Amino acid sequence: MSPDMSIPFHAQGLTEEEAAQRLRLHGPNRLRPEVPHARLLEFLKTLFDPMAVMLMLAAGTYFLLGEKRDGIILLIALIPVLGVDVVMEYRSREALKKLSESMAPRSRVVRDGRETDIPAEELVPGDLLLLREGDKAPADGVFRRCANLSMDESQLTGEAEPRPKRAMGAGMSGGGFEEETLFFAGSMVITGQSQGEVLRTGLDTRFGQIARLVAEEDGEKTPLQLKTNLLVRRLGYAGFGVVGLVLALQILRGLAFP
C-alpha cells in the first residue's frame, strides 16, 4: 500500500480470527444461500403442485377402478403441468446465476495488517477492502480513503455516467452516510483507487435485494395460477367425496374391486 492510501480507521484490518467469527455470524458473501438437497426440494415442490396432485389422484382412482388407459392418459397430462414449474425454477436459477457472475470472484483486503487476496465469498462486514481501477465491488460499504475515484453503478441505477466518490471521515460512523461516500456490490471502479470498510454482504446488499426480488418474482404464483389452485383444491375435495362414496357403495353391495 502506498502511504497516501493508508487508513487510520481499522488500519490493520480485521484479524483472521475476527474474520472467521464474522463469517460464521453473517454467512458467506453469496447472492443465494446454499440449501442442502436444493434440487430434490425443488422437485418435491413441483410434484406437490395442486394441479399435479389432482391429476395423480385422479389417475390413481382410474387405476384402482381398472381404467388403465384413462389413468395413463392422466399421467401423460402431468408432463406439461410439471414442465411449467420446472421451466420457472430454471429461469429463476439462471437469473440468479447471471447476477452472481457479475460479482467479483475474489477480493483484496487488509487482514492482520497485510494486504491479501481472498475469495469474495469470505468477505465479511468490517473488512478493509481495496478497490482499484477495473475492480468490481463485491459488497456494500463506505469509503474511508480514496483518490480521483469514480464508479459505474449502472447495474443498480441504470445511469450510464460514472459517479464521483469521496471518502467518509475516519471518525464518522453509523447510518448517516452520504451516497457519494458509499460503494455497492456490482458497481465497478472507472478511475482512481480506494480503501473502504465493508458494511453489508450477500443478500443484505442492494444487489442482493435485487437477487431476492428476482427469486421471489419467479417463485410467485400468477393470478391465474392462484385461481387454478383454488379450483383444483375444490375439485379435489369433491373428488375425494365422490371416490369415498363409490367405494362405500361397493363395500355395502359386496362388490369386489376390479
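Cut-offs applied
- Residues numbered from 1 in each chain as written.
- Predicted model: local features only at pLDDT ≥ 70, side-chain atom pairs only at ≥ 80, totals over all residues.
- Heavy atoms only, no water.
- Helix = DSSP H or I, 4+ residues; strand = E, 2+ residues; numbered from the N terminus.
- Buried < 20%, exposed > 50% of the residue type's maximum accessible area, 1.4 Å probe, protein only.
- Contact = heavy atoms within 4.5 Å.
- Areas by Shrake-Rupley, 256 points an atom, 1.4 Å probe, with all protein chains shown as cover.
- Phe/Tyr/Trp six-rings, centres within 6.5 Å; stacked < 30°, edge-to-face > 60°.
- Pairing = 2+ DSSP bridges.
- Polar contact = N/O pair within 3.5 Å; in protein donor to acceptor, adjacent residues only side chain to side chain.
- Core = buried A, V, L, I, M, F, W, Y, C linked by side-chain atoms within 4.5 Å.
- pLDDT = per-residue confidence, 0-100.

### Some details on the overall build of the protein
Here comes step 1: Tallying secondary structure elements over the protein gives seven helices and seven strands in all.
Here comes step 2: Listing every helix and strand of the protein by position from the N terminus yields α-α-α-α-β-β-β-β-α-β-β-β-α-α.
Here comes step 3: Counting across all 258 residues of the protein, residues that qualify as buried make up 32%.
Here comes step 4: A separation threshold of at least 6 residues defines the contact pool for the protein, and within that pool the share at least 24 residues apart is 70%.
Here comes step 5: About 15,200 Å² of surface is accessible on the protein, with carbon and sulfur atoms providing 61% of the total.

### Looking at the side chain of Thr201
Here comes step 1: On the secondary structure map, Thr201 appears in the loop between strand 7 (188–200) and helix 6 (206–219).
Here comes step 2: The contact partners of Thr201, leaving out residues within four places of it in the chain, are Asn29, Leu123, Val124, Pro125 and Ala139.

### Focus on the packing of aromatic side chains
Two aromatic rings are characterised by how far apart their centres lie and by the angle between their planes.
Here comes step 1: This model, assessed by the stated rule, comprises one aromatic pair.
Here comes step 2: Taking the centre distance of 5.0 Å and the plane angle of 50 degrees together, the rings of Phe143 and Phe183 count as tilted. Of this pair, Phe143 sits in strand 4 (residues 140–152) while Phe183 is found in strand 6 (residues 182–183), placing the two residues 40 residues apart along the sequence. Taken individually, Phe143 and Phe183 each receive the classification buried, so the pair is uniform in this respect.

### Examining the pairing of strand 4
Remember that side chains alternate between the two faces of the sheet whenever the strand is regular.
Here comes step 1: Pairing of strand 4 with strand 7, which is carried by ten bridges, proceeds in the antiparallel orientation. In the sheet register, Arg145 faces strand 7, and the bridge partner there is Gln195.
Here comes step 2: Here strand 4 runs beside strand 5 (residues 163–164); their pairing, made up of two bridges, is antiparallel. Note that in strand 5 the partner of Met151 across the bridge is Arg163.

### Let's talk about the side chain of Asp140
Here comes step 1: With respect to the element layout, Asp140 can be found in strand 4.
Here comes step 2: With relative accessibility at 0%, the residue Asp140 sits in the buried group.
Here comes step 3: A polar contact of 2.8 Å, which involves the side chain of Asp140, links it to the backbone nitrogen of Ala185.
Here comes step 4: The contacts of Asp140, once residues within four sequence positions are left out, are Phe183, Phe184, Ala185, Glu197, Val198, Leu199, Arg200, Thr205 and Arg206.

### Some points on the nonpolar core
Here comes step 1: Within the largest apolar cluster, 13 residues are counted, with the highest numbers of intra-cluster contacts made by Leu123, Leu129, Leu131, Phe143, Met151 and Phe183.
Here comes step 2: At the level of elements, strand 3 (128–132), strand 4 and strand 7 are the ones that each hand at least two residues to this core.
Here comes step 3: At three residues, strand 4 tops the list of elements feeding residues into this core.
Here comes step 4: Residues contacting Leu129, with those up to four places away along its chain left out, are Ser107, Arg108, Val109, Leu123, Pro138, Phe183, Ser194, Gln195, Gly196 and Val198.

### Examining the confidence of the model for the protein
Here comes step 1: On average, residues of the protein carry a pLDDT of 76, and 62% of them reach 70 or more.
Here comes step 2: The element-level mean pLDDT for the protein is lowest in helix 2 (residues 38–47), coming to 61, with strand 6 highest at 94.
Here comes step 3: Overall, residues 1–9 carries pLDDT values under 50, and its contacts beyond four positions in sequence, including any with other chains, amount to 18 contacts.

### Re the pairing of strand 3
Here comes step 1: Across the five residues of strand 3, four count as buried, placing the element largely inside the fold.
Here comes step 2: The pairing of strand 1 (residues 106–111) with strand 3 spans three bridges and is antiparallel. Among the inter-strand pairings, Val109 is bridged to a residue of strand 3, identified as Leu129.
Here comes step 3: In this sheet, strand 7 lies alongside strand 3 in antiparallel orientation, the contact comprising five bridges.

### Here's the deal with unusual backbone geometry
Here comes step 1: The phi torsion at Asp112 lies on the positive side, around 55 degrees, for a residue other than glycine.
Here comes step 2: Tracing the backbone through its elements, the reader meets Asp112 in the loop between strand 1 and strand 2 (114–119).
Here comes step 3: Overall, Asp112 belongs to the partly exposed group, its relative accessible area being 33%.

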